[in-house]
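Commentary on secondary and tertiary structure
Next come the chains, spelled out residue by residue.
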Amino acid sequence: MNVEICRWKGGRTFAYSITYDEGFEDLLAHALPVHRRYGIPGHLVMVAGQLGQVRRVPSSTYDGIYRHLGGPQLRELMHEGWSVGDHSLTHGDLNGDPYGEVVTSKRILEEAIGQPVNLFHLPGADFSYAPAARHIDRMGFLAVFFCDDRVNDPDPDLMGLGRCLVYDREGQPWYTLYDPFPRVYDPYHRLHEARACGGWLVDVTHLVAPDPPAPWKDATPALLDARFDCLRRVGAGDEWAAEPEEIVDYILMRRATTLEPLTGAFRVHLGRTPASVKHREISVAISEIGFAGLPRVWLDGAPQPVAPGAPGIAICTFCPCD
């Protein structure tokens, strides 16, 4: 029997997440039904100082028009498998008040949702990271997302993750600060890239509405449906569509877990992981050698479910413990 830890949960080839900067109420009517139809959870990137309020960022496309989700709405979406990330206190330059933008925002969000907030998404341009870095580290964030148009490799730097705009049109600009944006490329090509390299594509979206004001970063319900349909067709069952908090947790669990082969068995060793990790699962691929059918896996005397993977491979996903 040969065993190895799977790169992604369930032995999938690549990972995909979709994030919604600002987290507007319109998502409930126009995005949530599409998510439910495909069974894909979303991730809400929230401005902590404006929960439940109409947007107050004068430079924003959405200023004075769209309302941010409030705490009760965030908790309802979390019951459906969504997660919440920190997008600062005001969506301003973090150089001005890095303590408030990072520390205060995290505390407000955690009080609103009743859970740790582990992911930080830089607002505006990436140059604002430097003054906030020490506060991000001190507050125990597990990952930081930049506005960096790239697919994350399978074992990424969690403090320097990229997010992509999965366009439906070629050559649409995002924002002039992000040169060399815009790039002209085929719609959805990043999905093919993620599958080819076995990486993790984190999709950036903002508003979802029938007639959104910024089509280069927004989507209509029909375009969101087309995006998910493309994911399913490109993935062909090899994609792991999950909210980013679960994927970050899996990467940390994967790094902390080692396997000790034994005769006809294996022992799992779990090293140190942050206490704030919420999803404590790992997937193991077992080569079927010397027996017919699926192997049996036991953990602390309890049988674990085993599923078929690639030909000659069985996949077992469980919560390891030492």
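Our subject in this report is the structure included herewith.

Thoughts on the overall build of the protein
Per the secondary structure count, the protein includes eight helices and 15 strands. Relative to the compact-globule value of 20 Å for 322 residues, the protein shows a C-alpha radius of gyration of 20 Å, a close match. Referenced to the eigenvectors of the C-alpha coordinate spread, the extents of the protein come out at roughly 65 × 40 × 35 Å. Counting every position in the protein, which comprises 322 residues, the buried fraction comes to 53%. Of all intrachain contacts in the protein linking residues separated by at least 6 positions in sequence, the fraction that spans at least 24 positions is 68%.

Quick word on the sheet that holds strand S14 (residues 306–308)
If you trace the four strands from one edge of the open sheet to the other, you get S1-S11-S15-S14, paired in antiparallel fashion. Pairing within the sheet leaves two strands with one partner each, and these edge strands are strand S1 (2–5) and S14. Across the sheet, the mean angle separating the axes of adjacent strands is 30° when strand polarity is ignored. Strand direction decides the pairing type here: S1 and strand S11 (residues 282–287), joined by four bridges, are antiparallel. Within the sheet, the bridge partner assigned to Glu 4 lies in S11 and is Ala 285. Each of S1 and S11 touches helix H8 (residues 244–256); the most contacted strand, S11, lies at about 55° to it.

What to know about the packing of aromatic side chains
Using the criterion set out here, one finds ten aromatic pairs in the structure. With centroids separated by 6.3 Å and ring planes inclined at 50°, the aromatic side chains of Trp 8 and Trp 240 adopt a geometry described as tilted. In this pair, Trp 8 is assigned in the loop between S1 and strand S2 (14–21) and Trp 240 in strand S8 (residues 239–241), connecting sequence segments 232 residues apart. According to the relative accessible area criterion, Trp 240 is buried, its value standing at 7%.

Remarks on the nonpolar core
Nonpolar side chains in soluble globular proteins tend to end up buried together. In terms of nonpolar packing, the biggest core is built from 51 residues, with Tyr 20 and Leu 44 touching the most fellow members. If you list the elements that add at least two residues to this core, you get S2, helix H2 (32–38), strand S3 (43–46), helix H3 (71–79), helix H4 (98–113), helix H5 (129–138), helix H6 (189–197) and helix H7 (221–235). Excluding its chain neighbours within four sequence positions, the residues that come into contact with Tyr 20 are Leu 27, Ala 31, His 35, His 43, Leu 44, Val 45, Trp 82, Thr 205, His 206, Val 208 and Leu 224. Core analysis: the next-biggest nonpolar cluster, separate from the first, contains 35 residues, Ala 15, Leu 119, Leu 142 and Val 268 among them.

Description of the packing of H4 against H5
Direction vectors running N to C along H4 and H5 enclose 25°, while the axes themselves pass 9 Å from each other. Relative to H5, the element H4 is oriented roughly parallel. The chirality of how H4 crosses H5 is right-handed. Contact residues: Pro 98, Tyr 99, Val 102 and Val 103 in H4; Pro 131, Ala 132, His 135, Ile 136 and Arg 138 in H5. A per-class count over the contact of H4 with H5 returns seven nonpolar, one polar and one charged.

Details of the environment of Gly 49
Take Gly 49: it is sitting in the loop between S3 and H3. On the basis of relative accessibility, which here comes to 29%, the residue Gly 49 falls in the partly exposed class. Sequence-wise, Gly 49 and His 87 are 38 residues apart; in three dimensions their C-alpha atoms are separated by 9.8 Å.

Calculation criteria
- Residues numbered from 1 in each chain as written.
- Predicted model: local features only at pLDDT ≥ 70, side-chain atom pairs only at ≥ 80, totals over all residues.
- Heavy atoms only, no water.
- Helix = DSSP H or I, 4+ residues; strand = E, 2+ residues; numbered from the N terminus.
- Rg over C-alpha atoms; globule rule 2.2 N^0.38 Å.
- Buried < 20%, exposed > 50% of the residue type's maximum accessible area, 1.4 Å probe, protein only.
- Contact = heavy atoms within 4.5 Å.
- Pairing = 2+ DSSP bridges.
- Axes fitted to C-alpha atoms, helices over the stretch in contact; angles between N-to-C directions.
- Phe/Tyr/Trp six-rings, centres within 6.5 Å; stacked < 30°, edge-to-face > 60°.
- Core = buried A, V, L, I, M, F, W, Y, C linked by side-chain atoms within 4.5 Å.
- Parallel < 35°, antiparallel > 145°, perpendicular 65-115°, else oblique.
- Left-handed = near helix turned anticlockwise from the far one by under 90°.
- Nonpolar A, V, L, I, M, F, W, Y, C, P; charged D, E, K, R; others polar.

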